[in-house]
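Per-entry structural report
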Amino acid sequence: MAPVGGTAVQDHVALAEIELCGELIIAASAAQERLSLESIDEVLKVAEERDSSSR
């Protein structure tokens, strides 16, 4: 049970992972077939991350 005093701790990494999982679930439920690896990378914005980290 969480304390009443409003001392909630936010784990930003965990929140980002939950958001990405949600995006994958949405994409998978909208797809007619299994998501390809390329589609998964697109949903997770893997190419964008690679481009920004290589700069």
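What counts and what doesn't
- Residues numbered from 1 in each chain as written.
- Predicted model: local features only at pLDDT ≥ 70, side-chain atom pairs only at ≥ 80, totals over all residues.
- Heavy atoms only, no water.
- Helix = DSSP H or I, 4+ residues; strand = E, 2+ residues; numbered from the N terminus.
- Expected span 1.5 Å × (residues − 1).
- Polar contact = N/O pair within 3.5 Å; in protein donor to acceptor, adjacent residues only side chain to side chain.
- pLDDT = per-residue confidence, 0-100.
- Axes fitted to C-alpha atoms, helices over the stretch in contact; angles between N-to-C directions.
- Parallel < 35°, antiparallel > 145°, perpendicular 65-115°, else oblique.
- Left-handed = near helix turned anticlockwise from the far one by under 90°.
- Contact = heavy atoms within 4.5 Å.
- Nonpolar A, V, L, I, M, F, W, Y, C, P; charged D, E, K, R; others polar.
- Buried < 20%, exposed > 50% of the residue type's maximum accessible area, 1.4 Å probe, protein only.

With that out of the way, let us pick up helix H1 (residues 12-30). For H1, which comprises 19 residues, the first-to-last C-alpha distance of 27 Å matches the rise-based estimate of 27 Å (1.5 Å per residue) to within 8%. Put simply, Asp 11 is the residue that caps the front of H1, since its side-chain oxygen is 3.2 Å from the backbone nitrogen of Val 13.

Now for the confidence of the model for the chain. Averaged over all residues, the pLDDT of the chain equals 84, while 78% of them reach at least 70. Mean pLDDT in the chain bottoms out at helix H3 (residues 46-53), which sits at 73, and peaks at H1, which reaches 94.

Helices that pack against each other are described as a pair by the angle of their axes relative to one another and the distance between those axes. Closest axis-to-axis distance for the H1/helix H2 (residues 37-44) pair is 9 Å, and the angle between their directions is 135 degrees. Classified by the angle their axes make, H1 and H2 are oblique. For the pair H1 and H2, the crossing hand works out as right-handed. On the side of H1, the interface is formed by Leu 20, Glu 23, Leu 24 and Ala 27, while H2 contributes Ile 40, Val 43 and Leu 44. Its residues assigned to classes, the contact of H1 with H2 shows six nonpolar, no polar and one charged.

Excluding glycine, a negative phi dihedral is what most residues carry, and trans is how most peptide bonds are arranged. If you check the backbone angles, Lys 45 has positive phi at about 60 degrees while not being a glycine. Along the polypeptide, Lys 45 turns up in the loop between H2 and H3. The class for Lys 45 is partly exposed, based on a relative accessible area of 49%.

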